[in-house]
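What follows is the residue order along each chain.
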Amino acid sequence: MIIEKYHITNVMEHIVEEITNEMFAMPNIDMCICDRCRADVIALALNHLHPKYVVTEKGRLYSELQNYTFQTRAEVLTEVLKAMEKVKEHPSHPKEESIYRNEENIDLDELEKHFENISNNKKNK
Ligand SMILES: [Zn+2]
């Protein structure tokens with residue numbers, strides 16, 4: 001919402017998005033990581049949190065965000081984790097279309113060889 005040069009923004013949207021992005025960046029995340037599921041997690045978490053609107057001047061949101069306490073972040077994290085569980089069980093697309101990060105499928109022997117090769121290359125130089 002914009003009134004002349006002032007913006008009315010729900011800071012929760014930014015905090016939820018930030019924390020959801022952090023969660024989706026985890027290497028061991030065990031749910032679909034597509035954009036639809038990420039958006040569903042954000043919407044679901046926001047529906048369970050009270051909005052916190054602030055008035056900002058253009059480009060000054062960052063300093064507003066800095067004021068949000070650990071407690072707010074902990075509250076948001078709890079809702080994001082709950083939303084992730086729900087979206088994981090009931091994604092908006094068929095489960096077969098899920099995109100997983102698949103870290104557990106990395107072949108450890110292959111990985112070891114890969115690092116051996118790197119260190120051998122370094123020795124040879
Ligand atoms: Zn998905």
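Here is a short report on the structure shown in this document. Here the structure is a predicted model, which means the values were calculated and not measured.

Cut-off values and rules
Residue positions within a chain follow its written sequence, with the count starting from 1. Where totals are concerned, whole chains, interfaces and linings use all residues; where local detail is concerned, this predicted model gives features only for residues with pLDDT of at least 70, and gives and counts side-chain atom pairs only at 80 or more. Put simply, DSSP marks the helices as runs of H or I at least four residues long and the strands as runs of E at least two long, and each gets a number from the N terminus on. Contact between two residues is assigned whenever their backbone-derived C-beta positions fall within 7 Å. As a rule, the C-alpha atoms of each element are fitted with a line to give its axis, helices using only the stretch in contact, and angles between N-to-C directions run from 0 to 180 degrees. Here is the rule for angles: anything less than 35 degrees is roughly parallel, anything more than 145 is roughly antiparallel, 65 through 115 is roughly perpendicular, and the remaining ranges are oblique. Throughout, a crossing is termed right-handed when the near helix is turned clockwise from the far one, and left-handed when it is turned anticlockwise from it by less than a right angle. Nonpolar core, as used here: buried Ala, Val, Leu, Ile, Met, Phe, Trp, Tyr and Cys residues forming one set through C-beta atoms within 7 Å. Our exposure labels follow a C-beta count within 10 Å of each residue's own C-beta, placed from the backbone: buried means 20 or more other C-beta atoms, exposed means 12 or fewer, and partly exposed covers the counts in between.

## A word on the overall build of the protein
In step 1: A tally of regular secondary structure across the protein gives 5 helices and 3 strands.
In step 2: Beginning at the N terminus, the succession of helices and strands in the protein can be written as β-β-α-α-β-α-α-α.
In step 3: Put simply, 88% of the contacts in the protein that link residues at least 6 apart link residues at least 24 apart.

## Notes on the packing of helix α1 (residues 11–24) against helix α4 (residues 70–89)
In step 1: Contact geometry for α1 and α4: axes closest at 10 Å, N-to-C directions at 60°. Of the possible angle classes, the one that applies to α1 and α4 is oblique. For the pair α1 and α4, the sense of crossing is right-handed. Residue-level contacts link Ile-15, Val-16, Ile-19, Thr-20 and Met-23 of α1 to Thr-72, Arg-73, Val-76, Leu-77, Val-80 and Met-84 of α4.

## Details of the environment of Arg-38
In step 1: For Arg-38, the location among the structural elements is in helix α2 (residues 35–47).
In step 2: When the C-alpha atoms of Arg-38 and Asn-21 are compared, they prove to be 7.9 Å apart, with 17 residues separating the residues in sequence.

## Looking at the nonpolar core
In step 1: Counting 15 residues, the largest nonpolar core has Val-16, Val-41, Ala-45 and Val-80 as the members making the most contacts within it.
In step 2: Of all the elements in the fold, those that place two or more residues in this core are α1, α2 and α4.
In step 3: With 5 residues, α4 is the single largest residue contributor to this core.
In step 4: Among residues more than four places away in sequence, those in contact with Ala-45 are Val-16, Val-76, Glu-79, Val-80 and Ala-83.

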